Amino acid sequence: MTSAFMSILKRDLTLAFRQGGGIGTAIGFFLTVVVLLPLGLGPDQNLLSRIAPGALWIALLLSVLLSADKLWQADYDDGSLEVMALSDTPLEVTALAKASVHWLTSGLPLAIAAPLLGFLLNLDTALVLPLMTAMVTGSLALSLLASLGAAITVGLRQGGLLVSLLILPLYVPVMIFGVLSTSGFQTSIDNSGTSLLILAAIVLVALVVSPFASAAALRSYLR
Amino acid sequence: MEISGKGLACERGGRLVFTGLGFSATGGRMLVLRGPNGAGKTSLLRLIAGVAEPAAGALSFTGAGEDGEIAPHVHFVAHQDAIKLHLTVEENLAFWAGFLGGGDIGTALDALNLRALRSFQAQRLSAGQKRRLGLARLALAPRPVWLLDEPTVGLDTHSQGLLASLMTAHLEAGNILIASTHIDLPVPSTDVLDFAGVTS
Amino acid sequence: MSSIERFANPTRFLKLQAAVQPWVWAITIALFAIGLYLGLVRSPTDYQQGETVRIMYVHVPAAWSALMVYSVMALASIVAIVFRHPLADVAARAAAPIGACFCFLSLATGSLWGKPMWGTWWVWDARLTSMFVLFLLYLGYMAVWQAIDDPRRAARVAAIVAIVGFINVPIVKFSVDWWYSLHQPASVFRMGGPTIHKDLLMPLLVMGLAYTFLFLALHLKSMRTEIGARRIRQAELAQTGAIR
């Protein structure tokens, strides 16, 4: 089971680097949103500094969503998923591996890139560490939920729009506690520690729900 | 070892593909599925593999597993080859070896004459070579039940011979082999399930 | 096909539904008559909100019902997944559009109430936000049924969506409350509140009951329609199978 997990990790990371699509697209999109924001809102340094954490979170969320609906597509289309389903390895483990790959190729690099792009938005340097911690944690939940959304729509031609509609309500809590634990907005009390813990709790819930629900959805498409 | 089905019915895309179908496949004898397009050969293979559920009837599998679960004992080679175009031949096999729990890549390469191609990315292979790579999974990890859906499509005569000897070795070990094919492969002891006969 | 087996329970359900339906309608109409009379005529106006307060008698029960219907839907989905009961799929699917309508009604009336009270149609209030997310969950659920052709596959996938959404609802409610309490602007008037007067509470409860029965009436009818649609499909299926 561990060897199956590692095999998927190795294969999909190789593919991600060789095809060039995944990581590059996500970071490019992230950069686009961050560059367009000041151009749309005006160059006011104070305003940018105030909205920077929220803006970076929105950019992260959109970039993760961009790659979400393709998470299972290739394996479904080329028959690999069917072969994976016919093995000792439970589909739940496969789902967990696929979500891990998605995190390694989207959430993690974006969380690392976020502080750099934060300089473009005049991000307070004191927020760099909290932002990265929150993003690394929160993006785990984003990838797990992306795997679920993609599994629910895997057999559909027009899955993209549906993925967004299905995932959006699931991303609301991650967004809220992600921004709060970055402590970007001037709130009366400092909740960043508590918010980070709640964010971690949301990750744990997603860790339990996502593999089972993804596997169940995939099974119903294979039938 | 035996797989048998009784009174099977299959529904696909809001249509009854077949009803009242019965069959039996025993170890050491190949069961060939014959019939026109749309008769339900692929559907039956999917039912046996357990990736689809019969609308009626029952399947039974005795022999290999005490758990009665058929999925981990099956090699199902469908129309899609389950290969990644951006991986090399060797990397593709290495992935399946790792995922399916071991298996000698060298044996698999030799069994379908892929050794010369092993460092090519799969996107550079011809359709027939891709098919061989898909079939190489059979030689990778030993499994007692092979379900092959049109395995000879795209294969030249020499490759058909390689496949036939692979199948023969599988049958001689007393294993189960069910295949849908239009070509008579030189495999000993064959039973035929004719779909034209059972459905109309 | 074991169609007789498959619809044994639905047949019994249809008998029950036919017997119960007129009574449920009668109770619904009676409850609405009493509730609306109490709410719109008898109950006092609010010294601050004036006549606008009466929107509450339509708005609050709609929000309650939207939540209740989602729970019914999720429960039916759990039964459908665990016990594979054919009626549970039907119940879950039939509930969704009704719940979505209740949810939309509560959003629309909340908006109508907000315009004179807050001076704007929409406020990112904790309750409005979580109702909005609930509305999105309803839309997503119905979209899944729409998008998947094969009804058995659609039923299974939709059930997963409903159950995951059900886990999500309290998390969203909790996070939005937390979020709103940190960003709450001082001037916003909060609706309802714990110290509600008896004269206001009575019509509210009657209206809540009226909505519940309205849901029951519509749900029973909608389930009947859905069962009918499935039987037609089944008949067509048998025919094409025979023709082939």
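This structure is a prediction, so every number in the text was calculated from the model and none was measured. (Residues numbered from 1 in each chain as written. Chains lettered and ligands numbered in written order. Predicted model: local features only at pLDDT ≥ 70, side-chain atom pairs only at ≥ 80, totals over all residues. Heavy atoms only, no water.)

Structural notes on the sheet that holds strand β8 (residues 190–194) of chain B
Residues and elements named next belong to chain B. Ordered in space as β5-β6-β7-β3-β8, the five strands form an open sheet in which the pairing is parallel. If you trace the sheet from one side to the other, it starts and ends with β5 (74–77) and β8, each paired once. The sheet shows a mean angle of 15° between the axes of neighbouring strands, direction not considered. The sheet contact formed by strand β6 (residues 145–149) and strand β7 (residues 176–180) spans five bridges and is parallel. From the neighbouring strand, Leu148 faces β7, where its bridge partner is Ala179. Each of β3 (30–34), β5, β6, β7 and β8 touches helix α1 (residues 41–49); the most contacted strand, β6, lies at about 155° to it. (Pairing = 2+ DSSP bridges. Helix = DSSP H or I, 4+ residues; strand = E, 2+ residues; numbered from the N terminus. Axes fitted to C-alpha atoms, helices over the stretch in contact; angles between N-to-C directions. Contact = heavy atoms within 4.5 Å.)

Thoughts on the interface of chain B and chain A
If you look at the interface, chain B gives 28 residues, while chain A gives 26 residues. The contact between chain B and chain A buries some 2300 Å² in all, and 60% of this surface belongs to carbon and sulfur atoms. Summed over the three residues of chain B that lose the most area to chain A, namely Lys84, Phe95 and Phe99 of chain B, the buried surface amounts to 29% of that side. Inspection of the region where chain B meets chain A yields four salt bridges. Residue Lys84 of chain B is joined to Asp75 of chain A by a salt bridge in which the shortest nitrogen-to-oxygen separation is 2.7 Å. Inspection of the region where chain B meets chain A yields eleven residue pairs in polar contact (both at pLDDT 80 or more). When residues of the side of chain B that touches chain A are assigned to their parent elements, the largest contribution, six residues, is made by helix α2 (residues 89–100) of chain B. (Buried area = accessible area lost by both parts, 1.4 Å probe. Salt bridge = Lys/Arg side-chain N within 4 Å of Asp/Glu carboxyl O. Polar contact = N/O pair within 3.5 Å; in protein donor to acceptor, adjacent residues only side chain to side chain.)

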